[in-house]
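Here's the letter readout for the chains.
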Amino acid sequence: MIATYIEVIDGKIKKSSLEALSLAKDIAAVKGIKCLALSTSKSASAEVVGSCGADELIVQDSGELDQSQLIDWLCKLYSAYQISYIVLANSSIGKAIGGQIAAKLQLGIISGVNGWAAASPMQFRRSVFSGKANAWYSFMEDKGVISVMPNSIPVKKTYSKVAEISESNVNLSGPVFNSVNKELVKGKTPLTEAEVVVSGGRGLKDPSNWGMIEELADLLNAATACSRPVADSGWRPHHEHVGQTGIAIRPNLYIAIGISGAIQHLAGVNNSRKIIVINKDPEAPFFKAADYGVVGDLFEVVPKLNEAISKFKEEHH
Ligand SMILES: Cc1cc2nc3c(=O)[nH]c(=O)nc-3n(C[C@H](O)[C@H](O)[C@H](O)COP(=O)(O)OP(=O)(O)OC[C@H]3O[C@@H](n4cnc5c(N)ncnc54)[C@H](O)[C@@H]3O)c2cc1C
């Protein structure tokens, strides 16, 4: 059996969990094994996970689980259901629990997977050397933990079935630690899951100039991001900082405005499908990584771009 942990936020399954489930189903289909969806929320929809290929949805609704209890729960299900592979999204939760689950169950882990090949043994692709190359990994045995990089595996809602629901009543051990403060940033698509990201750098000069970046992001239904010095200066919140020391993202479109394109920034964004750069310096390193570029002053280019997109949207509404 292969199992995916399904994260639910505000009553909705996270897209990154459905991506992980889609990869799990592909593996299950090749290996001829059953595909399970595991959730700690009653809001996890059997229709949605079924449409992505899950045969069974196992739910334990005992309120919100502490991280150590979640690990305990998944490890207990692993043994009870004789699961061979646990597939997680490489989200903040997936990153936090993946290594611990692998250590507890004495399994190998391949994290940040962005593709796979149905060879024998199965091969999993990850990007390495700050996104400059891809490497292929396999498990020594036919079992392990896999975490899937958001936006790298398409969600396949191609199965016309509803997953069978079972309740799990695993006896969970008490929490190992308590979280002191948990704050969820609401309302916007998480940066790692966004299809379009509009990002600003030090070229914006001052945080008061971010209005045009937000306007562009709203027009494109995009998330906003920034370079590290921008977050370090307190112009933008730290959770928006992308790069080697920030978040690594893979949107379909990354628009970099007033960002130089230093190697440490590129490390987190160069897996984006298309990159557009707006910079007044034609020698800015970002142009080497860009698919499209505008050499110009962002204070002139971005307002004109916003105006043109607004007009286009009005005309094509
Ligand atoms: C160990 C380490 C880790 C790091 N990790 C990260 C990381 O994760 N993420 C990250 O981003 N950085 C990281 N950095 C910092 C990185 O090296 C760069 O310093 C940083 O990315 C530069 O940010 P920037 O491009 O916004 O600013 P700058 O380098 O100051 O570039 C500003 C750009 O804006 C352009 N510009 C200025 N005015 C205008 C205008 N009016 N119109 C158009 N363009 C304009 C300029 O031509 C320039 O290219 C790290 C550094 C180290 C040493």
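Check the entry above for the structure.
Since the structure is predicted, the reported quantities are computational estimates derived from the model, not experimental observations.

1. Observations concerning helix H5 (residues 211-219)
Part 1 of the argument: What H5 keeps buried is the set Met212, Ile213, Leu216, Ala217 and Leu219. Buried residues of H5, seen end-on, are gathered within an arc of 165° and therefore sit on one face of the element.
Part 2 of the argument: Contacts made by the buried residues of H5 are with strand E12 (196-200), strand E13 (223-226), strand E14 (253-257) and helix H9 (298-315).
Part 3 of the argument: Positioned one or two residues after H5, Asn221 has a phi angle of 55°, which is positive.

2. Structural notes on the pattern of salt bridges
Part 1 of the argument: In this structure the tally under the stated criterion is 13 salt bridges.
Part 2 of the argument: Notably, a salt bridge pairs Lys31 with Asp142, separated by 3.0 Å at the nearest N-O pair. Here Asp142 lies in the loop between strand E9 (133-137) and strand E10 (144-148) and Lys31 lies in helix H1 (residues 15-31), a separation of 111 residues in the sequence.
Part 3 of the argument: Under the relative-accessibility criterion, Lys31 is labelled partly exposed at 31%.
Part 4 of the argument: Residue Lys161 is joined to Asp55 by a salt bridge in which the shortest nitrogen-to-oxygen separation is 2.6 Å. Of this pair, Lys161 sits in the loop between E10 and strand E11 (164-167) while Asp55 sits in the loop between helix H2 (46-51) and strand E5 (56-59), and the two are 106 residues apart along the sequence.
Part 5 of the argument: Overall, the relative accessible area of 29% leaves Lys161 in the partly exposed class.
Part 6 of the argument: Linked through salt bridges whose partners overlap, the residues forming this network are Glu7, Lys14 and Glu193.

3. Quick look at the nonpolar core
Part 1 of the argument: Val49, Phe124 and Ile146 are the most contacted members of the largest nonpolar core, which totals 31 residues.
Part 2 of the argument: Those elements giving two or more residues to this core turn out to be strand E1 (2-6), H1, strand E4 (35-39), H2, E5, strand E6 (85-89), strand E7 (109-117) and E10.
Part 3 of the argument: Per-element tally for this core: the top contributor is H1, with 7 residues.
Part 4 of the argument: Contacts of Ile146, omitting those with residues within four sequence positions, involve Leu23, Ile27, Tyr85, Ile86, Val87, Leu88, Ile110, Val113, Phe124 and Phe139.
Part 5 of the argument: In terms of nonpolar packing, the next biggest core, distinct from the first, is built from 23 residues, Leu38, Trp73, Ile83 and Ile86 among them.

4. Side note on the packing of aromatic side chains
Part 1 of the argument: For the structure shown, the criterion picks out 5 aromatic pairs.
Part 2 of the argument: Here Tyr85 and Phe139 contribute two aromatic rings whose centre-to-centre distance is 5.7 Å and whose plane-to-plane angle is 50°, an arrangement assigned as tilted. Residue Tyr85 is located in strand E6, and its partner Phe139 is located in the loop between E9 and E10; the two are separated by 54 residues in the primary sequence. Across the pair, exposure class does not vary: Tyr85 and Phe139 are buried alike.
Part 3 of the argument: Ring centres 5.9 Å apart and planes at 65° place the aromatic pair Phe124 and Phe139 in the edge-to-face group. Taken together, the residues span a long stretch of sequence, with Phe124 in strand E8 (residues 123-128) and Phe139 in the loop between E9 and E10 at a distance of 15 residues.
Part 4 of the argument: Each residue in the set Tyr85, Trp116, Phe124 and Phe139 is aromatic and connected to the rest through ring pairs, giving one cluster.
Part 5 of the argument: The ring of Tyr159 carries Lys25 above its face, with NZ or CZ at 5.2 Å from the centroid.

What counts, and where the lines are drawn
Residues numbered from 1 in each chain as written. Predicted model: local features only at pLDDT ≥ 70, side-chain atom pairs only at ≥ 80, totals over all residues. Heavy atoms only, no water. Buried < 20%, exposed > 50% of the residue type's maximum accessible area, 1.4 Å probe, protein only. Helix = DSSP H or I, 4+ residues; strand = E, 2+ residues; numbered from the N terminus. Arc of directions from axis to C-beta. Contact = heavy atoms within 4.5 Å. Salt bridge = Lys/Arg side-chain N within 4 Å of Asp/Glu carboxyl O. Core = buried A, V, L, I, M, F, W, Y, C linked by side-chain atoms within 4.5 Å. Phe/Tyr/Trp six-rings, centres within 6.5 Å; stacked < 30°, edge-to-face > 60°. Lys NZ or Arg CZ within 6 Å of the ring centre and 35° of its normal.

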